[in-house]
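A closer look at the structure
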Amino acid sequence: MKTLIIYFSQTGYTKKAAELIREGIMATGGKCDLVPLNQVKVKTLAGYDLVGLGCPVFYYQEPFHLRDFIDKLPDLKGKLWFVFCSHGSVVGIALNSMAEHLRKKGVSVIGYFDMYADASAPFIPHPTTTTGHPDKIDLERAQAFGREIVPRWEQITRGDESLIPALPPVDEEWVKSAEMFNFELVKNIMPQLTVNREKCIGCGQCEESCPVQGIEIGTDPPRIQSPCIYCCFCVEVCPVMAIEGDFEMIASMNPGHYARLKVALDEAAARGEFRWLVDFDKIDYDDYMYKQWERERK
Ligand SMILES: Cc1cc2nc3c(=O)[nH]c(=O)nc-3n(C[C@H](O)[C@H](O)[C@H](O)COP(=O)(O)O)c2cc1C
């Protein structure tokens, strides 16, 4: 059995989940290749018995460019895939939406896995709700998922379709949030980013890390956010804070937003899916990450 795991990962958590799932698959004797999303050769997909696709959750859903990737795939009728993601407090519709878009290509999704992880974005406080994750239990679950998916694949390919799992349940609140935070809304509420020429040292890290090649520093003026998926990773990787934006408005939504996240995380903790590793009452909403980076990178 030959598996391919495709992942998109910026801060490394989805990649870690992908590596552990791979270990689990290999422990059962299966072969497994691992490839980042931007290096996938679509023509090679047909040569795999099982494909896994993983990403972080952005705005309660899979990243916009990953959805585009799925939509541009050729017909994959009869193929078996699994989907996974890493996320902060709320997985939202990410797994379901990936599965639904894959289904339109004829794919049967035979497994779902999600993992809590620390979160960083310019507009959120840090430490945040999920800081400390993935912990040992999260990591063991990722490996166990890899071990379990192989026998499930075997039985399904022998004809036992009853083992194809239903879509994971999603709270209606997060379905509405994902619908609201569609591409158009995100585009409108996220700050316009600019490159400060005086600060820029031309290291190229922003260009390299942009998942949609939306940045070109050498042009005059520099091209930025064209296109953009609003991941803000360019701001995060710039060592000198040369990519500037006003995150005050979006950060001002944090207290209300975090109150909703706390309810969701308390419920997840009660189900045994999440462990609080930070003191929620000590989260400092005013000191969001953009401000922290400004201090650190002066
Ligand atoms: C722009 C942005 C939006 C995010 N939105 C969500 C979200 O809606 N729900 C969530 O649980 N985590 C959210 N996160 C946190 C990431 O999903 C989380 O940090 C993930 O583990 C990062 O994966 P990576 O290390 O593979 O890049 C967001 C992060 C960023 C940068």
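That block above? That's the structure.
Residues numbered from 1 in each chain as written. Predicted model: local features only at pLDDT ≥ 70, side-chain atom pairs only at ≥ 80, totals over all residues.

Re unusual backbone geometry
The condition that has to hold: Helix and strand definitions here come from DSSP, where helices need a minimum of 4 consecutive H or I residues and strands a minimum of 2 consecutive E residues; each element is numbered from the N-terminal end.
Backbone torsion omega between His126 and Pro127 reads 5 degrees, so that peptide bond is classified as cis. Within the secondary structure layout, Pro127 lies in the loop between strand E5 (108-116) and helix H4 (136-157). Cis peptide bonds are those with omega within 30 degrees of zero, and the linkage from Ser226 to Pro227 qualifies with 0 degrees. Along the chain, the position of Pro227 falls in the loop between helix H7 (205-209) and helix H8 (233-237). Of note in the backbone geometry, Cys232 takes a positive phi value of approximately 65 degrees without being a glycine. Tracing the sequence through the fold places Cys232 in the loop between H7 and H8.

What about the site of the ligand?
Here is the rule we go by: All residues are tested the same way: a C-beta atom is placed from the backbone, and lying within 6 Å of a molecule or strand makes the residue near it. Note that Gly is not counted as nonpolar here; it falls among the polar residues with everything else outside the nonpolar set of Ala, Val, Leu, Ile, Met, Phe, Trp, Tyr, Cys and Pro and the charged set of Asp, Glu, Lys and Arg.
For the ligand, the set of nearby residues contains 23 residues, the closest of which are Ser9, Thr11, Thr14, Pro56 and Gly88. If you tally residues by element for the shell around the ligand, the top one is helix H1 (residues 13-27), at 3 residues. Among the residues forming the shell around the ligand, the class breakdown is 12 nonpolar, 10 polar and 1 charged.

Here's the deal with the nonpolar core
The following threshold applies: Only buried residues count toward a nonpolar core: Ala, Val, Leu, Ile, Met, Phe, Trp, Tyr and Cys, linked into one set through C-beta atoms within 7 Å. Three exposure classes are used, all based on how many other C-beta atoms lie within 10 Å of a residue's own C-beta (placed from the backbone): buried at 20 or more, exposed at 12 or fewer, and partly exposed between those limits. By the criterion used throughout, residues are in contact when their C-beta atoms, derived from the backbone, lie within 7 Å.
Ranked by internal contacts, the top residues of the largest apolar core, which has 81 residues, are Ile21, Trp81, Val83 and Cys234. Excluding anything up to four places from it in sequence, Cys234 contacts Cys206, Ser209, Cys210, Ile215 and Ile243.

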